[in-house]
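# Breakdown of the fold
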Amino acid sequence: MVVLDFFAWLVPLAPLIGAVVCFVMSIRGDRELAHLPAIAALSLSALACISLLVFYTPTETARLFDGYRFLQVGQYSIDISLRIDTLTLTLLTVVTCVSALVCIYSREYMLGDPGYARFFAVFCGFVFAMTMLVMASNLLLLYAFWEGVGTCSYLLIGFWFKKPSAAAAATKAFLVNRLADVAFFLGILALGYVVSQTSVAQESRVIGLFDFNLIFRAAEEISIKEPAMLYWIGLALIVGAIGKSAQFPLHVWLPDAMEGPTPVSALIHAATMVTAGVYLVARMAPLLIYVPDALILVAYLGGITSIIGAVIALFQDDLKRVLAYSTISQLGYLFMALGAGSIRDLIMLAVWAAMFHLVTHAFFKALLFLSAGSVMHAMGDVIDMREFSGLRKALPRTHWMFGIGALTLAGFPGLAAFFSKDSILSLLVDASHDGEFGTHFKTLAVIGFVTAFLTAIYTSRAYFRTFWGPEKFPEAAGHHPHDAGLAMFIPMCVLAIGSVTAGWILGMTGWLLHYIEFTPIPSMTADVEHHESLVVMAWSAAIAVIGIGIGYAWVLVAQTNKRSAAQPNWFVSFAKDRLMIDWLYHKLIVIPMELFSAVLAWFDDVIVDGLATFLGLLPAGVGNLLKNLQTGRVSSYASYTAIGIVALAVYLIAF
């Protein structure tokens, strides 16, 4: 269908054109207008994606849109083509729509920055890479844009590169993700090899070794012939996913990414980069169902990450860091849900629950970050909650927006996260009844409920510390802080509407579950039913309300008992120091690597360079010795000749 082809290619090409135009404008000097092509391009991309939703008829077969053949060697090929199915469109809609809203918000937030045009150029480039990652028809193309997303995130996190902390944060994010990406790439190569050995591949005239369709058709045969290899391939893919989605122990880059502009935080931490790992595991579910032990590992890593993120968020004073650790924690929920796919009968529900919470999380977390950006904008770039309080009167618009986002994140009954988080908790409870893996999921279900309780506490604590209590502004804010303008306020309103209604529209109607059912997952039945547990819903509601009350009481006590707040106990200090995880990284990895690098540098400078210098000086030394023989005197040459003749005669006589 020509219409579908047009809209499918327009989704990634519009941001690419916007990036090129913004880059040209930055060179030409039209920097103050750079937001126009960026907003137009991303809005067009979002409209094209919505058009795909309207015109695409869900089927159990993915729709492919051919571009061109990038490489063919013998019977093997790599194609640049797009793949559309219901899983793709779910994430693609979130990426394009939230990115467009954040871009509109950035028009006012970034106004006056010297790198205004550069910001929008990289912003559009990031969205182009992310859309291509989601729509890629093969694993190698996905990996290429996986790296593209990583490069653009490096440029955005280090946008204010003259600031040492921003440059260090960008480098940290880049290096941590590269560690994970090495494993991911090795897994892709190994997967390509084992796929090439299957009968499915041998029957094809031209083999796209990394095509998802071929991989999924060959998955069962691989699990029979190469079970050990498939296990290690699954682990390698999972390492790539936990790096990009900031899961323990590779989560350490994400909190430092707060050094970038706040719209970057909303873009990276809500709808795009951090969801790539979740998407990878969901996309590869037809393969990973044959390695349930690897999916159990996914679930445990998600559980550990969720509880760690929640505990650290409890004691942070930086508002954006609270939200950053909250993101880490919420992503842990998504991985716990996907891990439930280790029980084959639950794989479809696992993908659905993860995608459901991914969608709602994009709404409320983007809303919270943009609201925090509005606070930061008004407070003169101060974001430490110890420096301000009682902002609800000075920033009424921001107060309402942050309040809606905070209630949603806390899981308040009736809001989006209440339904999506409850779907994950219900899934974990269902999985706990399994005969083989039930014990694992009993533990994970407890972790899920505890994390939900802590989430309600730290969210309400951040809200009440910021907007209630005595009115206090930092010096940098001046005497009359200003609230968000319309360019910042309107995107927040749209996200607030999504935070309130998405749970009802996508969850309670069952629409998203039935839509995700059309995602091709071989060997899985699409006839899936899911019934929310009233007991789980009641527990979730009680946990949210009690947690909000505790958060409010905590702030009230802290405001009346300043001495207690000023003298934290050892656990508070431990949590403020990120549970010493960064310290351990520094001691166990960074310092040994620095020492190893120093040894290599010495070897290079002394041994390698010394040998090279010696070899360079050797001809000169020999030349200096021989040049004394060239005197230009005939008598000297006659003497040398005579000596030579005598020496030759002696040799001949003697031997």
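A brief report on the enclosed structure follows.

Parameters and conventions
Residues numbered from 1 in each chain as written. Predicted model: local features only at pLDDT ≥ 70, side-chain atom pairs only at ≥ 80, totals over all residues. Heavy atoms only, no water. Helix = DSSP H or I, 4+ residues; strand = E, 2+ residues; numbered from the N terminus. Buried < 20%, exposed > 50% of the residue type's maximum accessible area, 1.4 Å probe, protein only. Axes fitted to C-alpha atoms, helices over the stretch in contact; angles between N-to-C directions. Parallel < 35°, antiparallel > 145°, perpendicular 65-115°, else oblique. Left-handed = near helix turned anticlockwise from the far one by under 90°. Contact = heavy atoms within 4.5 Å. Nonpolar A, V, L, I, M, F, W, Y, C, P; charged D, E, K, R; others polar. Core = buried A, V, L, I, M, F, W, Y, C linked by side-chain atoms within 4.5 Å. Polar contact = N/O pair within 3.5 Å; in protein donor to acceptor, adjacent residues only side chain to side chain. 1 Å grid on protein atoms, 1.4 Å probe; cavity = no way out; pocket = protein on both sides within 12 Å on 5 of 7 lines; lining within 4 Å. Points joined across faces, edges and corners; volume = space filled by probe spheres on them. Phe/Tyr/Trp six-rings, centres within 6.5 Å; stacked < 30°, edge-to-face > 60°. Lys NZ or Arg CZ within 6 Å of the ring centre and 35° of its normal. Salt bridge = Lys/Arg side-chain N within 4 Å of Asp/Glu carboxyl O.

## Some remarks on the environment of Asp604
On the secondary structure map, Asp604 appears in helix α25 (residues 581-626). With relative accessibility at 38%, the residue Asp604 sits in the partly exposed group. In sequence terms Asp604 and Thr560 are 44 residues apart; their C-alpha atoms lie 61 Å from each other.

## Let's talk about the packing of helix α4 (residues 116-135) against helix α5 (residues 139-157)
The interhelical angle for the contact between α4 and α5, taken along N-to-C directions, is 155°, at an axis separation of 8 Å. Taken as axis vectors, α4 and α5 run roughly antiparallel relative to one another. Crossing hand, α4 versus α5: left-handed. Judged by residue contacts, Phe119, Val122, Phe123, Gly125, Phe126, Phe128, Ala129, Met130, Met132 and Leu133 of α4 engage Leu141, Leu142, Phe145, Trp146, Gly148, Val149, Cys152, Ser153, Leu155 and Leu156 from α5. The residue inventory of the contact of α4 with α5, partitioned by class, reads 17 nonpolar, three polar and no charged.

## Considerations on the nonpolar core
For soluble globular proteins, nonpolar side chains are generally found buried alongside one another. Leu139, Leu191, Trp253, Met284 and Phe441 are the most contacted members of the largest nonpolar core, which has 230 residues in total. Looking at this core element by element, the count peaks at 23 residues for helix α16 (residues 347-378). Ignoring anything within four residues of it in the chain, the contact list for Leu191 reads Leu139, Ile215, Ile222, Ile233, Met284 and Leu287.

## A short note on the side chain of Asn138
Mapped onto the fold, Asn138 is located in the loop between α4 and α5. Here the side chain of Asn138 touches Asp79 through a polar contact of 2.9 Å, landing on its backbone oxygen. Looking at Asn138, its side chain comes within polar contact range of the main-chain nitrogen of Leu141, at 2.7 Å. If we skip the residues at most four places from it in the chain, Asn138 touches Asp79, Phe210, Asp211 and Phe212.

## Brief notes about the layout of surface pockets
Of the pockets and cavities examined, the second largest pocket occupies roughly 510 Å³. For the second largest pocket, the lining is made up of 22 residues, of which Thr93, Cys97, Val359, Phe363 and Leu506 are closest to its centre. Taken together, the elements giving at least two residues each to the lining of the second largest pocket come down to α2 (35-55), α3 (86-109), α16, α20 (486-508) and α21 (511-516). For the lining of the second largest pocket, the leading source of residues is α3, giving eight residues. Across the lining of the second largest pocket, the residue classes break down as 17 nonpolar, five polar and no charged.

## Examining the packing of aromatic side chains
Counted under the stated rule, the structure contains 26 aromatic pairs. Seen from their ring centres, Tyr105 and Tyr109 are 5.8 Å apart, and the 20° between their planes marks the pair as stacked. Of this pair, Tyr105 and Tyr109 both sit in helix α3, four residues apart, roughly one helical turn. With 6.0 Å between their ring centres and 25° between their planes, Phe212 and Phe216 make a pair best called stacked. Here Phe212 and its partner Phe216 are both found in helix α8 (residues 212-225), four residues apart, which amounts to about one turn of the helix. On the accessibility criterion, Phe212 (0% relative accessible area) is buried. You can call Phe216 buried: its relative accessible area is 6%. Each member of the aromatic cluster is reached from another via a ring pair, and the members are Tyr116, Phe119, Phe120, Phe123, Phe159 and Trp160. A cation sits over an aromatic face here: Arg392 above Trp468, 4.0 Å from the ring centre.

## Details of helix α12 (residues 273-283)
Extensive coverage of α12 is indicated by the burial of 11 of its 11 residues. Regarding α12, the residues found buried are Met273, Val274, Thr275, Ala276, Gly277, Val278, Tyr279, Leu280, Val281, Ala282 and Arg283.

## Overview of the pattern of salt bridges
Inspection of the entire model under this criterion finds 18 salt bridges. Note that Asp256 is salt-bridged to Lys172, the shortest N-O span being 2.7 Å. Linking Asp256 in helix α10 (residues 253-256) with Lys172 in helix α6 (residues 164-196), this pair joins segments that are 84 residues apart in sequence. Asp256 sits in the buried class, given a relative accessible area of 12%. Across the pair Asp181 and Arg178 runs a salt bridge, and its minimum N-O distance is 2.5 Å. Pair noted here: Asp181 and Arg178 are both in helix α6, with a separation of three residues, about one helical turn. Taking relative accessible area as the criterion, Asp181 reaches 1% and is therefore assigned buried.

## Some remarks on empty space enclosed by the protein
Scanning the entire structure with this criterion turns up three cavities of 30 Å³ or more. Considered as a void within the structure, the largest cavity measures approximately 70 Å³ in volume. Around the largest cavity sit Ala410, Gly411, Ala417, Phe418, Lys421, Asp422, Leu425, Ala452, Ser540, Ile543 and Ala544, which together line it. Those elements that place two or more of their residues in the lining of the largest cavity are α18 (416-431) and α22 (534-560).

## What about the environment of Thr455?
Mapped onto the secondary structure, Thr455 falls in helix α19 (residues 438-467). Through-space distance from the C-alpha of Thr455 to that of Ser306 is 9.6 Å; in sequence the pair is 149 residues apart. What Thr455 contacts, discounting residues up to four positions off in sequence, is Gln330, Leu409 and Lys421. A distance of 2.7 Å separates the side chain of Thr455 from the backbone oxygen of Thr451, its partner in a polar contact.

## Points about the packing of α4 against α12
Relative placement of two packed helices is described by the angle separating their axes and the distance separating the axes. Packing of α4 against α12 brings their axes to within 11 Å, and their N-to-C directions diverge by 5°. Judged by the angle between their axes, α4 and α12 are roughly parallel. Touching Phe126, Met130, Leu133 and Val134 of α4 are Met273, Thr275, Ala276 and Tyr279, all from α12. Taken together, the residues of the contact of α4 with α12 break down into seven nonpolar, one polar and no charged.

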